[in-house]
Amino acid sequence: MARVLVVGSGGREHTLAWGLARSPEVSEVISAPGNPGMAEIGECRPVDVEDPNAIAALAGAVDADLTVVGAEVPLVAGAVDALEARGRLAFGPRADAAHLEGSKAWMKEVVAAAGVPTARHRAFGAGEHDAAFAFLDSLGAPYVVKTDGLAAGKGVAVVASLDEARDAVRAYLSGDAFGAAGRTLVIEEGLVGPELSLLVLCDGRDAIPLQPAQDFKRIGDGDTGPNTGGMGAYSPVPIATREVVDEVMAKAVRPTLDELRRRGIEYRGVLYAGLMLTNEGPKIIEYNVRFGDPECQVVVPRLASDLYRHCVESAAGRFETEVRFLDDAAITVVLAAEGYPSSPRTGDVIEGLDDAEAREGIVVFHAGTKRDGDRLLTAGGRVLAVTATAPDLATARTRAYDAVAGISWPGMQYRRDIALAAVADQP
Ligand code: AMP
Ligand code: GLY
């Protein structure tokens, strides 16, 4: 029986811990640093998630048979390399492959070399304001300006006017907006169309697409207001047909993995393809090197095969077990704190969680909570992800929102339109 260490403390990591604990081969799931939801699954241990050596040392101390690293920061910093250097099996890409998310300029260069459909783009560095402005002039609205480096999902400006785009260029290049992460930036053509997240399991040789999901990035109903980490998701996605997935695998994911291999880089773990389904076909917006959050909260509950097996086989470089999904649909509604995303308020008492969790088809994943005696407090921007599964999307949606209605704290905010259009489009 296996001991698994899950590194992270968000809704995604709670979901991974929950999915791993369901495996008949797993005896214990240890979380680091974890959250109150993960504490109900197993022990939580403190760790500095930004320190690969601390993660590797902890995996040794708890004698983990497998370590699953949830977030991009430790992956880009080399957590998997540090774990492997100590002889520990680790799920996720090594630092050389995680650079796909660590540098958008490099990702774009790889994608262009691989001939993958993506937005027209150019990268600019210190002092290149004039060249950046000239490139903006050659594009139309919407203008898209991105930090090269990691910016916790906030480094992308999608703006309607040239003035706003120029302001973003100035703020990024000066380092005022995002420090070093922004001193190199990427400007790209604005793409239009529905977005899709395709998470792909990789073992260094083979690539297996998981069921597609759709994320809701803006804070407000009808895709209004600022971008967030993601306010909800659902799966399956009616527009993401088998043909769409096959096309994305053939034209984007496999050529990208081949291009990495040509450069001596092997990709293991989850490759997250962020796509826009444009009139000209699917185009890559970005690659992430980990599960999406909150996409993970709807993809993992739909998995019929053993998540632990898949993670072990990916980490070991050899898929053997078939990936299978339930026919059930899943939806997750993120409950966020007042003031999210700019300045979330914390410390509010969460009510009604137990009743919500007792409802049919509901599991609530913790994203930003804290225990205080027998009370549960808000402790972050995204606080909970209420996930419902059901035989069809409409029923899942009703279940999720019925559960949400029973949960409250002062200032709680959430979107009312998660999966609404998809349900309305169904026959
Ligand atoms: P990213 O962090 O790269 O996922 O970007 C965050 C969000 O910005 C995406 O989910 C899209 O909604 C939007 N975005 C990024 N790149 C583009 C683009 N080229 N055209 C239109 N929207 C984009
Ligand atoms: N939900 C978007 C992300 O995980 O990057």
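Residues numbered from 1 in each chain as written. Chains lettered and ligands numbered in written order. Predicted model: local features only at pLDDT ≥ 70, side-chain atom pairs only at ≥ 80, totals over all residues. Heavy atoms only, no water.

K.L.:
Could you clarify how one ought to interpret the packing of aromatic side chains in this entry?
P.N.:
Note on aromatic pairs: each is described by the distance of the centres and the angle between the planes. What the rule picks out here adds up to 4 aromatic pairs. Centre to centre, the rings of tyrosine 401 and tyrosine 414 are 6.3 Å apart; their planes meet at 40°, and the pair counts as tilted. Here the residue tyrosine 401 occupies a position in helix 14 (residues 393-405), and tyrosine 414 occupies one in the loop between helix 14 and helix 15 (420-425), the gap between them amounting to 13 residues. We note that tyrosine 401, like tyrosine 414, is buried. Over the face of the ring belonging to tyrosine 414 we find arginine 416, whose NZ or CZ atom lies 4.0 Å from the ring centre. (Phe/Tyr/Trp six-rings, centres within 6.5 Å; stacked < 30°, edge-to-face > 60°. Helix = DSSP H or I, 4+ residues; strand = E, 2+ residues; numbered from the N terminus. Buried < 20%, exposed > 50% of the residue type's maximum accessible area, 1.4 Å probe, protein only. Lys NZ or Arg CZ within 6 Å of the ring centre and 35° of its normal.)

K.L.:
Would you mind showing me how to read the pairing of strand 15 (residues 268-278) here?
P.N.:
Residues in a regular strand point their side chains to alternate faces of the sheet. For strand 15, a buried count of 11 out of 11 residues is recorded, marking the element as mostly surrounded by other parts of the structure. In this structure, strand 9 (residues 195-203) lies alongside strand 15, joined through 9 bridges in antiparallel fashion. Residue pairing across strands places valine 200 opposite leucine 271, the latter belonging to strand 15. As paired strands, strand 15 and strand 16 (residues 281-288) are joined by 7 bridges and run antiparallel to one another. Opposite tyrosine 272, over in strand 16, you have asparagine 288 as the bridge partner. Between the end of strand 15 and the start of strand 16, which pair antiparallel, lie 2 residues. (Pairing = 2+ DSSP bridges.)

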